[in-house]
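Geometric and topological summary
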Amino acid sequence: MDDKRNVVLSIKGLNKTLGKKQILHSIDMECYEGEVFGFLGPNGAGKTTTIKVVVGLLMPDEGEITVCGHDITKDFEGAMANVGGIVENPEMYKYMTGRENLKQYARMRGLDFSEIDKAVEMVKLSNRIDEKVSRYSLGMRQRLGVAQALMHKPRLLILDEPTNGLDPQGIKELRDIVKHIAHENGVCAVVSSHLMSEMQLMCDRVGIISGGSMIGTYTMDEIAATNHGGFAEYVIETDNAADAAAFLGGGDAISADGAMLHLNLNGATAKQDIALTIKNLVNKGFNIYSVNLRSGSSLEDAFIELTGKEGDGQIE
């Protein structure tokens, strides 16, 4: 599936040393249009260093980074024209309204003021945009920052720890906004965070970095299968689970328990396999009442298993 989507961000062989310490070791990853990509790692793993290199705040020592095909070292302006983001907390003039802040940004970037309302609508801030920022909650200021990052219609949106300090409602609102921007507008959203439970709800894929090296990239189904020998367990409620199990061939991977049919599927192909299984059962005349993926490994469980640690205190 991945190879059919447009690559928005490509990082190949990225190395970075700060002082005498090598922080990044040959980082490779690709992020695609229309997805929320979670960039995860223990404290000091190199997440923020990687992001700072991508947005031009640090120069790479070695490696190739492209944004929508533009190399950041050979065509920096072309690459950055496709990037919007919040790497630090968004700085706004609190004595001005949200709209006045965005107008000031539009003047600096040479953007048309008509882009303001479009961006504000995307972050669901229209009813408060003409109030002074001093009256905004932290969550509203974050949303205003995202609106600012979206005004020039970037293809890559980078958010470094965007939920820091937000209350549960603010976190949910921001999560829904980021997912909508990615899935409905085809933007590639790269989110760095330490909140594992939130990333599990927000992301389509995650990349895990530890000690400055990439452990790998995973879909959420693959994460769920991490602690289960590479398998994802699905439970199907049907009117005759025993007959359904027999129809599917039985064996160790298929079992019936009353009305529940249990299937252990290969984590890498589980989505495609469960879709085909349901289609075959329905075509055979079985009624399907519900399909559920057992919780399996949480992202936090998989994260600890894959990294083997919770942080080593090295410089980010």
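Residues numbered from 1 in each chain as written. Predicted model: local features only at pLDDT ≥ 70, side-chain atom pairs only at ≥ 80, totals over all residues. Heavy atoms only, no water.

Let's talk about the sheet that holds strand 8 (residues 188-192)
- Strand order in the open sheet made by the six strands is 6-7-8-3-9-10, with mixed pairing throughout. The open sheet terminates on both sides in strands that have one partner only, identified here as strand 6 (83-86) and strand 10 (213-219). On average, each strand axis in the sheet is tilted by 15 degrees relative to the strand beside it, whichever way the strands run.
- In this structure, strand 7 (residues 156-160) lies alongside strand 8, joined through five bridges in parallel fashion. By the bridge assignment for strand 8, isoleucine 158 is matched with valine 190.
- Packing against the sheet, helix 5 (residues 138-150) makes contact with strand 6 and strand 7, and its axis sits at approximately 165 degrees to strand 6.
- Sitting on the sheet, helix 6 (residues 168-185) touches strand 3 (36-40), strand 7 and strand 8, and the angle it makes with strand 3 is about 125 degrees. (Pairing = 2+ DSSP bridges. Helix = DSSP H or I, 4+ residues; strand = E, 2+ residues; numbered from the N terminus. Axes fitted to C-alpha atoms, helices over the stretch in contact; angles between N-to-C directions. Contact = heavy atoms within 4.5 Å.)

Details of the pairing of strand 13 (residues 260-266)
- Where strand 12 (residues 254-257) and strand 13 come together, four bridges link them in antiparallel fashion. Across the sheet, aspartate 257 pairs through a bridge with methionine 260, a residue of strand 13.
- What sits between strand 12 and strand 13 in their antiparallel hairpin is a turn of two residues, with glycine 258 showing a positive phi close to 65 degrees.

Some remarks on the environment of alanine 242
- By the secondary structure assignment, alanine 242 is in helix 9 (residues 241-247).
- For the pair formed by alanine 242 and aspartate 257, sequence separation is 15 residues and the distance between their alpha carbons is 7.6 Å.

Quick notes on the packing of aromatic side chains
- The tally for this structure, following the rule as stated, stands at two aromatic pairs.
- Aromatic side chains phenylalanine 247 and phenylalanine 286 sit 6.1 Å apart centroid to centroid with 40 degrees between the ring planes, which places their arrangement in the tilted category. Taken together, the residues span a long stretch of sequence, with phenylalanine 247 in helix 9 and phenylalanine 286 in the loop between helix 10 (270-283) and strand 14 (288-293) at a distance of 39 residues.
- Note on phenylalanine 247: relative accessible area 36%, which makes it partly exposed. (Phe/Tyr/Trp six-rings, centres within 6.5 Å; stacked < 30°, edge-to-face > 60°. Buried < 20%, exposed > 50% of the residue type's maximum accessible area, 1.4 Å probe, protein only.)

Things to note about the pattern of salt bridges
- Enumeration over the complete set of coordinates arrives at nine salt bridges.
- As a salt-bridge pair, glutamate 173 and arginine 143 come within 3.2 Å of each other at their nearest N and O atoms. Within this pair, whereas glutamate 173 is found in helix 6, its partner arginine 143 is found in helix 5, the two being separated by 30 residues in sequence.
- Take arginine 143: its relative accessible area is 11%, and that puts it in the buried class. (Salt bridge = Lys/Arg side-chain N within 4 Å of Asp/Glu carboxyl O.)

Looking at helix 10
- Between its terminal C-alpha atoms helix 10 stretches 20 Å, which fits the 20 Å expected from 14 residues at 1.5 Å a residue.
- Every buried residue belonging to helix 10 is among Ala270, Ile274, Thr277 and Leu281, and all of these are buried. When helix 10 is viewed along its axis, its buried side chains cluster within an angular range of 60 degrees and face the same direction. Facing away from the buried side of helix 10 by over 90 degrees, the exposed positions are Lys271, Gln272, Lys279 and Asn283.
- Count one or two residues on from helix 10 and you reach glycine 285, which has phi positive near 100 degrees. (Expected span 1.5 Å × (residues − 1). Arc of directions from axis to C-beta.)

Notes on the sheet that holds strand 2 (residues 21-32)
- Within the open sheet, the four strands sit side by side as 2-1-4-5. Their pairing is antiparallel. With one partner strand each, in any of the chains shown, strand 2 and strand 5 (70-71) form the two edges of the open sheet.
- Together, strand 1 (7-18), strand 2 and strand 4 (62-67) form the strand contacts of helix 1 (residues 47-54), whose direction differs from that of strand 1 by roughly 115 degrees.

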